[in-house]
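Fold and contact review
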Amino acid sequence: MDKQIQLTPDYPICRIINGGWQLSEGHKLQGTLDVDPVLQAFHQLADRGFNTFDCADIYTGVEELIGQFILARRKSSGKDDIRVHTKFVPDLSMLDQVDYHYVERIITRSLKRLNKERLDLVQFHWWDYNIPGCMDIAGHLVRLQEKGLIDNLGTTNFDTLHLQQLIDAGYPLVSNQTQYSVLDRRPERAMVDFCLRNNVKLLCYGSLAGGFLSEAWLGKAAPEKLENRSLVKYRLVIEDSVGWEGYQQLLLLMKQIGEQRGCSLSNVAVHYVLNKPAVAAAIVGTRSERHIQSNETVFSTQLLAEDIQRIDEFLDRHSIPAGEPFELEREEGNKHRNIMKMNLNDE
């Protein structure tokens with residue numbers, strides 16, 4: 001499998017994107033982040049071709065951390081080869097107040113934090129489709145693209161209907177970031193086909209389910225306490241898909257496949273997503289150097305069609321979380337929505 005893919009004819013990215021959510025101050029339920037090993041890992045990842053990073057205006061401290069890394073790399077080696085995908089995520093509480101000047105201010109702030117003159121990809125998120133303004137804000141982002149502040153535009157957590165509306169209105173979307181994994185195949189209901197027809201690439205988070213898709217959980221009882229918000233989130237996904245017993249069976253199946261192909265259970269989980277139609281990249285959280293070799297192994301091994309089929313046949317005997325991508329997370333009172341923080345963009 002090639003390490004790089006063309007997101008557009010003029011814009012190549014790495015097929016494993018270094019995820020920033022786990023580095024956010026809001027991710028850990030307790031304790032603080034030690035940034036030194038993270039920055040060391042960033043440099044090693046970039047040197048090995050893992051040069052694409054994902055973050056967001058609402059990932060507290062992460063744009064600044066990546067900006068610090070970009071500046072250090074620029075000074076030490078003269079290289080300016082880092083791709084950064086950030087997000088524009090206006091707070092739920094002020095969706096009806098967002099105007100062009102607000103959008104421009106947040107985009108300018110991201111540029112300053114990231115030490116960039118132009119944002120490689122801005123991914124637009126809208127919390128509540130019942131609040132008008134989504135189409136207007138997309139238009140504001142296009143204006144900023146025309147002004148030269150943004151190279152590429154995408155969305156994050158959009159469902160198929162609202163992606164269709166943006167595309168039909170002529171917005172130049174190149175990607176949609178969505179949750180997609182062996183545990184969450186909601187994109188397969190309609191989004192994958194839509195993206196194939198409209199040349200929109202999927203950038204997939206949750207491919208490792210916050211760490212649940214690893215050998216560390218094999219043979220373990222369901223946990224009573226979890227150490228971070230990702231595990232809380234993906235524990236709910238397990239409940240709505242294969243259940244804990246099915247999850248353990250799935251881990252065992254993926255471990256067996258990994259042993260046959262010379263890679264880890266986690267590598268199998270990433271391979272599974274990368275082999276799906278319309279998928280350009282998988283977003284994998286990076287907190288230290290120990291993740292680097294695992295990422296490398298994805299590109300030195302491969303799954304066979306029969307491996308994907310074995311996993312799909314197992315999953316077809318179990319449920320897929322209901323609805324479209326991010327539909328449960330938007331539903332008032334739903335357990336998936338209740339764990340989310342939707343007002344994080346205060347300066």
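Scoring rules and cut-offs
Every chain begins its residue count from 1, and numbering advances along the sequence as written. This being a predicted model, a pLDDT of at least 70 is required before a residue's local features are given, and a value of 80 or more before pairs of side-chain atoms are given or counted; all residues contribute to the totals for chains, interfaces and linings. Where side-chain values are given, they derive from all heavy atoms of the structure, hydrogens and water being excluded. Here the aromatic set is Phe, Tyr and Trp, taking the six-membered ring for Trp, and pairing holds for ring centres within 6.5 Å; pairs whose planes are under 30 degrees apart are stacked, those over 60 apart are edge-to-face, and all others are tilted. We count a charge as sitting over a ring when the NZ of a lysine or the CZ of an arginine lies within 6 Å of the ring centre and within 35 degrees of the ring normal. Residues belong to one nonpolar core when they are buried, are Ala, Val, Leu, Ile, Met, Phe, Trp, Tyr or Cys, and are joined through side-chain atoms within 4.5 Å. Only protein chains enter the calculation, and the probe is 1.4 Å; a residue is then buried if its accessible area is under 20% of its type maximum, exposed if over 50%, and partly exposed in between. Any two residues having at least one pair of non-hydrogen atoms within 4.5 Å are treated as being in contact. Strand pairing requires that DSSP identify at least two bridges connecting the strands. A helix here means a DSSP run of H or I that spans at least four residues, while a strand means a run of E at least two residues long, and both kinds are numbered starting from the N terminus. In this analysis, axes come from line fits to C-alpha atoms, helices being fitted only over the stretch in contact, and the angle between any two N-to-C directions falls in the range 0 to 180 degrees. A side-chain nitrogen of Lys or Arg and a carboxyl oxygen of Asp or Glu constitute a salt bridge if their distance falls within 4 Å.

1. Quick look at the packing of aromatic side chains
A complete count under the given rule lists 16 aromatic pairs for this structure. Counting every residue linked through ring pairs, the aromatic cluster contains F88, Y102, F124, W126, Y129 and F158. The ring centre of Y100 lies 3.7 Å from the NZ or CZ of R143, which sits over that ring. A cation sits over an aromatic face here: K233 above Y234, 5.5 Å from the ring centre.

2. A look at the nonpolar core
Formed by 112 residues in total, the largest nonpolar core has its most connected members in F88 and I311. Contacts of F88, omitting those with residues within four sequence positions, involve D57, V98, Y102, V103, I106, V122, Q123, F124, H125, I137 and L141.

3. Details of the sheet that holds strand β3 (residues 16-19)
In space, the 8 strands of this closed barrel follow the order β3-β4-β5-β6-β7-β8-β9-β10, with parallel pairing throughout. Taken pair by pair, the neighbouring strands of this sheet meet at an average axis angle of 30°, ignoring direction. With 4 bridges connecting them, strand β7 (residues 150-156) and strand β8 (residues 173-179) associate as parallel partners. The partner of G154 across the bridge, within β8, is S175.

4. With respect to the pattern of salt bridges
All chains considered together, the criterion is met by 25 salt bridges. Close ionic contact of R48 with E296 constitutes a salt bridge, the shortest N to O distance being 3.9 Å. Pair noted here: R48 is in the loop between α1 (35-47) and β4 (52-54) and E296 is in helix α10 (residues 292-300), with a separation of 248 residues, a long-range link. Note that R74 and D80 form a salt bridge whose closest N and O atoms lie 3.4 Å from each other. Taking relative accessible area as the criterion, R74 reaches 28% and is therefore assigned partly exposed. Salt bridges here are not isolated pairs; linked through shared partners, they connect R185, E188, K276, D312 and D316.

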